[in-house]
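# Residue-level structural notes
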Amino acid sequence: QVQLVESGGGLVQAGGSLRLSCAASSRTFSRMGWFRQAPGKEREFVATVNWNTGSTFYADSMKGRFTISGDNAKNTVFLQMNSLKPEDTAVYYCAAGSGLLYRTIRGYDYWGQGTQVTVSS
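A few points on the structure. (Residues numbered from 1 in each chain as written. Predicted model: local features only at pLDDT ≥ 70, side-chain atom pairs only at ≥ 80, totals over all residues. Heavy atoms only, no water.)

## Thoughts on the overall build of the chain
The helix and strand tally for the chain stands at 0 helices and 11 strands. Mapped in sequence order, the helices and strands of the chain form the string β-β-β-β-β-β-β-β-β-β-β. At 13 Å, the chain has a C-alpha radius of gyration in line with the 14 Å of a compact globule built from 121 residues. Projecting the C-alpha coordinates of the chain onto the three principal axes gives extents of approximately 40 × 30 × 25 Å. Relative to its 121 residues, the chain shows a buried fraction of 45%. Counted over contacts in the chain with a minimum sequence separation of 6, partners at least 24 positions apart contribute 56%. By element, 47% of the accessible surface of the chain is carried by carbon and sulfur atoms, the whole surface being about 6,300 Å². Seen as two clouds, the 12 positive and the 8 negative side-chain charges of the chain have centres 4 Å apart. (Helix = DSSP H or I, 4+ residues; strand = E, 2+ residues; numbered from the N terminus. Rg over C-alpha atoms; globule rule 2.2 N^0.38 Å. Buried < 20%, exposed > 50% of the residue type's maximum accessible area, 1.4 Å probe, protein only. Contact = heavy atoms within 4.5 Å. Areas by Shrake-Rupley, 256 points an atom, 1.4 Å probe, with all protein chains shown as cover. Lys, Arg positive; Asp, Glu negative; His and termini not counted. Charge placed at Lys NZ, Arg CZ, Asp CG, Glu CD.)

Here is the structure:
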């Protein structure tokens, strides 16, 4: 069973930055990603990285503000979030898997517990 442990959430003012980290206990998957869920809303895709090719993919609203990267040696993925907006407030979840539907939750088999990100106006 793969365990994912997130860190780096917190409270930040609008326009500020945060960096999230997610460490995997092992790697039996080809892809790691980030999703987020705001109160009363469905979990939505943020970004993903393919460990084998290095390719990345972002949700349109995050392009140019968020950057996903990984440390292969440490089985760790990062999400650098810049120019944060109040609407970015959500619980951010790390995910890992090898599914083809990598922009949906169905593409991932393992999930972290989530880390809260709050952006004040």
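So that's the structure; there's more coming.
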